[in-house]
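Spelled out, the chains give:
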Amino acid sequence: QVHLVESGGGLVQPGGSLRLSCAASGSNFGSYAMGWYRQAPGKQRELVASITSGGTTNYASSVKGRFTISRDNAKNTVSLQMNSLKPEDTAVYYCNARSPTTTYGRYNYWGQGTQVTVSS
């Protein structure tokens, strides 16, 4: 199994920046698709950004041009650089790993979540 540990959340001013990191345990990290999701109070969890094993990225329209997802397979990490933060970005952010198909199925793994608060 894969264990995901997130870090980098905190309180920032509107217009500020924050960088989230997710460290993954286990083997075959380079073959996993990775993603960042977020969930605000009273709202559904939504996909923020994703990156395939080949490096192809995808972003929610609300964060395009402001957020950048990246991965470092040598370090088993995925990051989310968040710039020009807005109060509506306030949420708990979750790291997600999606495995390749195995004999026992295809698996999704989740981090514990890290709080991002954008407020003056």
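Keep in mind it's a predicted model, so treat the numbers as computed, not measured.

(A) Structural detail: the nonpolar core. If you look at the biggest cluster of nonpolar residues, it comprises 31 residues, and the most contacted ones within it are Leu-4, Met-34, Trp-36, Leu-80, Met-82 and Tyr-93. Breaking this core down by element, the ones donating at least two residues are strand E3 (18-24), strand E4 (33-39), strand E5 (46-51), strand E7 (67-72), strand E8 (77-82), strand E9 (91-98) and strand E11 (114-118). With residues near it in sequence (within four places) discarded, Tyr-93 still touches Glu-6, Leu-20, Trp-36, Tyr-37, Arg-38, Val-48, Phe-67, Leu-80, Met-82, Gly-113, Thr-114 and Val-116.

(B) Region of the structure containing the side chain of Asn-96. Counting through the fold element by element, Asn-96 comes out in strand E9. Take Asn-96: its relative accessible area is 5%, and that puts it in the buried class. At 3.3 Å, the side chain of Asn-96 forms a polar contact with the backbone oxygen of Tyr-109. Those residues in contact with Asn-96, other than ones at most four positions away along the chain, are Leu-4, Ala-33, Met-34, Gly-35, Tyr-37, Asn-108, Tyr-109 and Trp-110.

(C) Local environment of the packing of aromatic side chains. Evaluation of the coordinates by the stated rule reveals three aromatic pairs. Here the aromatic cluster, defined as three or more aromatic residues joined through ring pairs, consists of Tyr-32, Tyr-107 and Tyr-109. Taking NZ or CZ as reference, Arg-71 lies 4.9 Å from the ring centre of Phe-29, over its face.

(D) Molecular detail of the environment of Tyr-59. Along the chain, Tyr-59 turns up in strand E6 (residues 57-59). Sequence separation of Tyr-59 and Gly-30 is 29 residues, and the distance between their C-alpha atoms is 20 Å. What Tyr-59 contacts, discounting residues up to four positions off in sequence, is Val-48, Ala-49, Lys-64, Phe-67, Thr-68 and Ile-69. There is a polar contact of 3.0 Å between the side chain of Tyr-59 and the backbone nitrogen of Ile-69.

(E) Looking closely at the environment of Ser-25. Inspection of the secondary structure puts Ser-25 in the loop between E3 and E4. For Ser-25 and Gln-1, which are 24 residues apart along the polypeptide, the C-alpha to C-alpha distance reads 8.2 Å. Sequence-distant contacts of Ser-25, defined by excluding residues within four places in its chain, comprise Val-2 and His-3.

(F) Structural view of unusual backbone geometry. Although it is not a glycine, Asn-76 sits at a positive phi angle of roughly 55 degrees. Inspection of the secondary structure assignment puts Asn-76 in the loop between E7 and E8. At Ser-84, a position not held by glycine, the phi torsion is positive, near 50 degrees. In this fold, Ser-84 is placed in the loop between E8 and E9. You can call Ser-84 partly exposed: its relative accessible area is 41%.

Calculation rules
- Residues numbered from 1 in each chain as written.
- Predicted model: local features only at pLDDT ≥ 70, side-chain atom pairs only at ≥ 80, totals over all residues.
- Heavy atoms only, no water.
- Core = buried A, V, L, I, M, F, W, Y, C linked by side-chain atoms within 4.5 Å.
- Buried < 20%, exposed > 50% of the residue type's maximum accessible area, 1.4 Å probe, protein only.
- Helix = DSSP H or I, 4+ residues; strand = E, 2+ residues; numbered from the N terminus.
- Contact = heavy atoms within 4.5 Å.
- Polar contact = N/O pair within 3.5 Å; in protein donor to acceptor, adjacent residues only side chain to side chain.
- Phe/Tyr/Trp six-rings, centres within 6.5 Å; stacked < 30°, edge-to-face > 60°.
- Lys NZ or Arg CZ within 6 Å of the ring centre and 35° of its normal.

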